[in-house]
Amino acid sequence: MLNKELLLEKIGLVVDKLMNLGGADYDSDKNTSQEAHKTGLIARDFGIEEFDWPQGVGLYGLEKLQTYYQDTRYDDFLTKWYRSNIDRGLPSKNINTTAPYLTWIGLAKRTQNQEYEQMCLERAKWLMEELPKTKEGGFQHVTSAIGDRNGIALNDSEMWIDTIFMAVLFLNRMGQSYQNQAWISEAQKQILIHIKYMYEKKNGLFYHGWSFQRNDNYGGIFWCRGNSWFTLGMVDFLESCGENIDRGIYEYLTDTYQAHAAALKKLQAPSGLWHTVLDDKDSYEEVSGSSAMAAGIRKAVRLGILREEYLSVAEKAVEAICANIASDGTVLNVSAGTGIGEDAEHYKKIMKAPMAYGQSLALIALCEALFE
């Protein structure tokens, strides 16, 4: 059974492991086959040192825990992390390398570091003015090139559900912080267009992506972690908006969220986790997506978006997450980085390995469970 003492014990283990994941052998990306990349073997994704989405999500978990404690216990670690990456040279500008900025702007404000603040302002402007857009003005899911942190993969005319978490949360946070209505409005538009093209109204789930060139959702797969970017990202988005959101848009988003949560409730495995392909019981149960779902659902109850009955869904998931934390703090059964696939087998073949985002999303779920 969950109790505060157990949660704090697990949190301590997970945080220690997260902060000591180390780096990665970046040259190995260049020497790995394309088939290996399809299983998630992308060197830069591993460890905590690189400036990309896995690490950006990792830092976000530390910020969440620090906010819970209402202190600045991780600011020294964060400052050293950002300074080290500045000294090394930041990688290419894209959706995924925007993820670290979500935590960076908070650090910049707390430490009154004008250099950091300026870099965050420049990234927000880049998202608005220079990031390639799809038809209808969607944020094109540009990523770092495989084997070249300074290059990009354009993913022409593609939108991915990941973008909500990796870039839209940051843009909205910047808009709210600087009272920039253009940024706020753009963030809201991106939420709406991602729902428009990736939400399946027949079952309340989200597809991984949409292609304007193909005019389809690729393999039409309901991927666990992809859905979880919405489950957690949406409640953080709404919390950041506060009262600064049109009531009609708010109700549209919360109505969508409630339908989504109802779908997840039906698909939760007896263990408390969710399968990596949500509606395929033959696919493995995956902890990072399950963690984000547990955190999002529990927070949605706390914010009054979901009914109290969903607490049992989140608590069952958190119990399963605790059971998947090894004695050294490693969060187990986390799927590696995952590109869009044409069928369920693509997602089933993704390797499982310790990842910064796995540590962080488990941390966020455990931290949310601490709230009364």
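Above this text is the structure in question.
Here is a short report on the structure shown in this document. Here the residue numbers are simple positions, counted from 1 along each chain's written sequence. In keeping with the model being predicted, local features are shown solely for residues with a pLDDT of at least 70 and side-chain atom pairs are shown and tallied solely at 80 or more, while totals for entire chains, interfaces and linings include all residues. The basis for the side-chain values is all heavy atoms of the structure; hydrogens and waters are excluded.

1. Some thoughts on the overall build of the chain
By the criteria applied, helices consist of DSSP H or I runs no shorter than four residues and strands consist of E runs no shorter than two, each listed in order from the N terminus. For the chain, the helix and strand inventory stands at 15 helices and 8 strands. Our radius of gyration is a C-alpha quantity, and the globule rule it is checked against amounts to 2.2 Å times the number of residues to the power 0.38. Over its C-alpha trace the chain gives a radius of gyration of 19 Å, about what one expects of a compact globule, namely 21 Å for 372 residues. Its C-alpha atoms put the chain at 50 × 45 × 45 Å along the principal axes. We call a residue buried when its accessible area falls under 20% of the maximum for its residue type, exposed when it is over 50%, and partly exposed in between, using a 1.4 Å probe and counting protein chains only. By the burial criterion, 61% of the 372 residues in the chain qualify as buried. In this analysis, two residues are considered to be in contact whenever any of their non-hydrogen atoms come within 4.5 Å of each other. Restricting the contact set of the chain to residue pairs at least 6 apart, pairs at least 24 apart contribute 69%.

2. Details of the side chain of T338
Structurally, T338 is set in the loop between α13 (311-323) and α14 (344-348). In this structure T338 comes out as buried when scored by relative accessible area, which is 8%. Contacts described as polar in this section are N or O atom pairs within 3.5 Å, which, within protein, must combine one atom able to donate a hydrogen with one able to accept it, while residues neighboring in sequence count only if both atoms come from side chains. Among the polar contacts made by the side chain of T338, one reaches the side chain of R225 at a distance of 3.5 Å. Polar side-chain contacts of T338 include one of 2.8 Å to the backbone oxygen of A336. Dropping the residues within four chain positions of it, T338 is found in contact with W160, H208, W223, R225, H346, Y347 and I350.

3. Quick look at the pairing of strand β2 (residues 148-153)
Here a strand pair is declared whenever DSSP counts at least two bridges between the two strands. Inspection of the sheet shows strand β1 (residues 143-145) paired to β2 by 3 bridges, in the antiparallel sense. Each residue of the ladder has a partner; that of T143, found in β2, is A153. Taking the residues that link successive antiparallel strands as the turn, the β1-β2 hairpin has 2 residues, and the phi of G147 there is positive, at about 80°.

4. Describing the packing of aromatic side chains
Only Phe, Tyr and Trp rings are paired, with Trp represented by its six-membered ring, and only when their centres lie within 6.5 Å; those with planes under 30 degrees apart are stacked, over 60 edge-to-face, the remainder tilted. Applying the stated rule across the entire model yields 24 aromatic pairs. Measuring from centroid to centroid gives 6.1 Å for W210 and F212, while their planes differ by 85°, and the two rings are edge-to-face. An identical accessibility class is assigned to W210 and F212; each is buried. In textbook terms, an aromatic cluster arises when at least three aromatic residues are bridged by ring pairs, as seen for F51, W81, Y82, Y101, W104, Y116 and F170.

5. A closer look at helix α7 (residues 114-129)
Helix length check: α7 (16 residues) gives 22 Å between terminal C-alpha atoms against 22 Å at 1.5 Å per residue, within 8%. Three or more residues of α7 are buried, namely Y116, M119, C120, L121, R123, A124, W126 and L127. Along its buried surface, α7 packs onto α5 (75-88), α6 (101-111), α8 (163-178) and α9 (181-198). The N-terminus of α7 is capped by N113, whose side-chain oxygen sits 3.0 Å from the backbone nitrogen of E115. Every helix has an expected span of 1.5 Å times one less than the residues it contains.

6. So, the environment of L131
Position of L131 among the secondary structure elements: in the loop between α7 and β1. The buried category is assigned to L131, whose relative accessible area is 3%. Along the chain, L131 and M159 lie 28 residues apart, while their C-alpha atoms are 13 Å from each other. Not counting residues up to four positions away in its chain, the partners in contact with L131 are I95, W126, F139, Q140 and V142.

7. So, the pattern of salt bridges
Between Lys or Arg on one side and Asp or Glu on the other, a salt bridge is scored when a side-chain nitrogen of the former is within 4 Å of a carboxyl oxygen of the latter. With the rule as written, the count across this model stands at 23 salt bridges. The partner of D75 in a salt bridge is R110, and the shortest N-O contact between them spans 2.8 Å. Of this pair, D75 sits in helix α5 while R110 is found in helix α6, placing the two residues 35 residues apart along the sequence. The network of salt bridges with common partners includes E63, D75, R110 and R173.

8. Comments concerning α6
With 8 of its 11 residues buried, α6 lies for the most part within the structure. Every buried residue belonging to α6 is among Y101, L102, T103, W104, I105, G106, L107 and A108, and all of these are buried. As for α6, its buried residues are in contact with α4 (53-69), α5, α7 and α8. One or two positions beyond α6, positive phi appears at Q112, with a value near 55°.

9. A look at the packing of helix α12 (residues 287-302) against helix α15 (residues 356-370)
Describing two packed helices takes the angle between their axes plus the distance from one axis to the other. Interaxial angle, 0 to 180 degrees, is taken between N-to-C directions of lines fitted to C-alpha atoms, where a helix line uses only the stretch in contact. Packing of α12 against α15 leaves a shortest axis separation of 8 Å and a crossing angle of 25°. The orientation of α12 with respect to α15, classified from their angle, is roughly parallel. For the pair α12 and α15, the sense of crossing is left-handed. Of the residues in α15, those in contact with S288, S291, A292, A294, A295, R298, K299 and R302 of α12 are Y357, G358, L361, A362, I364, A365, E368 and A369. What sets the label is the angle itself: under 35 degrees gives roughly parallel, over 145 gives roughly antiparallel, 65 to 115 gives roughly perpendicular, and the rest give oblique. Crossing handedness: left-handed means the near helix sits turned counterclockwise from the far one by under a right angle, and right-handed means the same turn made clockwise.

10. Here's the deal with the nonpolar core
Among soluble globular proteins, nonpolar side chains are generally buried collectively. The criterion is simple. A nonpolar core is a set of buried Ala, Val, Leu, Ile, Met, Phe, Trp, Tyr and Cys residues joined through side-chain atoms within 4.5 Å. Of all hydrophobic cores here, the largest spans 119 residues; its most connected members are Y82, W104, F170, F237 and W274. In terms of residues, this core owes the most to one element, α15, which gives 11 residues. With residues near it in sequence (within four places) discarded, F170 still touches T98, Y101, L102, I105, C120, R123, A124 and L127.

11. Quick word on the side chain of Q176
Tracing the backbone through its elements, the reader meets Q176 in helix α8. For Q176, the side chain forms a polar contact with the side chain of N244, separated by 3.1 Å. Excluding anything up to four places from it in sequence, Q176 contacts I184, S240, C241 and N244.

12. Observations concerning the environment of T111
One can find T111 in helix α6. Once the C-alpha coordinates of T111 and R302 are considered, the two residues, 191 residues apart in sequence, prove to be 30 Å apart.

These figures come from the coordinates and say nothing about function on their own.
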